[in-house]
Amino acid sequence: MVAAELGLISFSSGVSSRWPSRPRFRFPIVRPISVTMASMGQDPVREWILSEGKATQITDIRPVGGGCINRASRYDTDAGPFFVKTNRSIGPSMFEGEALGLNAMFETHSIRVPKPFKVGPLPSGGSYIIMEFIEFGASRGNQSVLGRKLAEMHKAGKSEKGFGFDVDNTIGSTPQINTWTPDWIEFYGVHRLGYQLQLVQKQYGDSLLYEKGQRLVKNMAPLFEGAVLEPCLLHGDLWSGNISSDKNGEPVILDPACYYGHNEAEFGMSWCAGFGGSFYNAYFEVMPKQKGFDERRDLYLLYHYLNHYNLFGSGYRSSALEIVDDYLRKLKV
């Protein structure tokens with residue numbers, strides 16, 4: 001939900017003009033931070049890097065392409081570079097959720113993700129996360145390799161607890177509720193669509209979208225007939241800004257909003273990801289396309305359009321309402 005935070009790369013999403021474009025964020029040029037500006041006791045990032053990080057000196061600190069929520073920096077040291085995100089207003093829980101997600105994806109031994117090292121509070125308020133710095137290549141790499149490795153992650157990352165995650169996390173800055181639930185349709189209806197619809201009602205008083213959306217939630221079960229609904233580890237916010245490749249051309253995904261869900265939900269940000277035919281063909285070779293996939297596609301887009309409405313305003317309302325109205329007509333409810 002934020003711009004690429006490990007290196008700012010722009011990609012064409014190939015999105016239909018039916019949908020509003022994702023907001024583009026611009027950031028002021030910031031001068032490199034002096035490495036002598038804070039003592040060890042005042043700066044837990046420096047303290048960790050110069051102790052558990054095995055570095056003896058920090059040679060440079062530079063801002064890197066960041067998102068709309070966090071400040072991102074590269075710390076160069078004699079032990080190699082580290083990637084650091086800080087947020088001056090949100091406590092460690094947001095970064096703790098990100099770290100747990102990154103570790104879960106890392107443990108599947110499938111697709112490359114930055115390994116998290118440390119999360120903690122900042123003395124003046126807010127929080128930080130230190131992780132592996134990955135040097136990006138010139139592009140997002142091969143789409144078919146991305147599709148295959150993503151499918152391998154979905155196949156390897158399973159949960160016996162049902163659908164959800166061990167902690168709540170965030171999708172952008174919106175809370176994402178991950179209460180363990182045995183039934184996918186219930187989980188998606190309550191903790192994804194239902195929660196976003198409640199925010200729409202609370203923030204904008206949008207009773208029309210709220211009431212129509214709730215009617216869809218109560219009647220959407222037929223859309224899942226014949227589908228295999230297994231809990232798979234999902235990145236959760238897979239758009240072009242969160243996809244890159246390393247210097248060897250291997251795909252890298254970052255800045256997750258992880259949970260265990262139906263694998264098709266991973267494509268909910270496809271309107272802003274630029275996935276092509278080679279991506280889907282490679283993906284379906286590992287995770288076969290399920291009955292009703294095309295009929296459910298917009299249902300998974302809806303969660304992210306509602307979230308964009310809640311985060312960025314009414315420019316996304318018409319897209320969300322159009323999806324809801326289409327489903328209500330198809331379901332005849």
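Residues numbered from 1 in each chain as written. Predicted model: local features only at pLDDT ≥ 70, side-chain atom pairs only at ≥ 80, totals over all residues. Heavy atoms only, no water.

**Focus on the nonpolar core**
Then, in step 1: Ranked by size, the top nonpolar core spans 72 residues in total, and within it W184, L193, L209, L216, I253, F275 and L299 carry the most contacts.
Then, in step 2: A total of nine residues in this core trace back to one element, the largest contributor, which is helix α7 (residues 293-312).
Then, in step 3: If near-sequence neighbours (up to four positions away) are discounted, L209 is found in contact with L197, V200, L306, Y309, A320, L321 and V324.
Then, in step 4: The next biggest cluster of nonpolar side chains, apart from the first, holds twelve residues, and it includes V45, I49, L122 and Y128. (Core = buried A, V, L, I, M, F, W, Y, C linked by side-chain atoms within 4.5 Å. Buried < 20%, exposed > 50% of the residue type's maximum accessible area, 1.4 Å probe, protein only. Helix = DSSP H or I, 4+ residues; strand = E, 2+ residues; numbered from the N terminus. Contact = heavy atoms within 4.5 Å.)

**Overview of the pattern of salt bridges**
Then, in step 1: By the definition in use, this model includes 18 salt bridges.
Then, in step 2: With a closest N to O distance of 2.8 Å, K161 and D166 form a salt bridge.
Then, in step 3: Among the charged side chains, a salt-bridge network with shared partners connects D60, R62, R74, D76 and E135. (Salt bridge = Lys/Arg side-chain N within 4 Å of Asp/Glu carboxyl O.)

**Quick look at helix α6 (residues 277-286)**
Then, in step 1: Of all the positions in α6, only F279, Y280, A282, Y283 and F284 are classed as buried.
Then, in step 2: Against the buried residues of α6 lie α3 (143-156) and α7.

**Describing the environment of G189**
Then, in step 1: Relative to the elements of secondary structure, G189 occurs in helix α4 (residues 184-204).
Then, in step 2: Look at G189 and you get buried, because its relative accessible area is 5%.
Then, in step 3: C-alpha separation for the pair G189 and V217, spaced 28 residues apart in sequence, amounts to 5.4 Å.

**Considering unusual backbone geometry**
Then, in step 1: Of note in this structure, H109 is not a glycine but carries a positive phi near 55°.
Then, in step 2: Mapped onto the elements, H109 comes out in the loop between α2 (93-106) and β4 (116-121).
Then, in step 3: By relative accessible area, which is 67% here, H109 ends up exposed.

**Focus on the pairing of strand β3 (residues 82-87)**
Then, in step 1: Here β3 lies mainly inside the structure; six of its six residues are buried.
Then, in step 2: Of the two faces of β3, the one holding F82, V84 and T86 and the one holding F83, K85 and N87 are both buried throughout.
Then, in step 3: Hairpin connection of strand β2 (residues 71-77) to β3: four residues between the antiparallel strands, including G80 at a positive phi of 105°.
Then, in step 4: The pairing of β3 with strand β5 (residues 127-132) spans six bridges and is antiparallel. (Pairing = 2+ DSSP bridges.)

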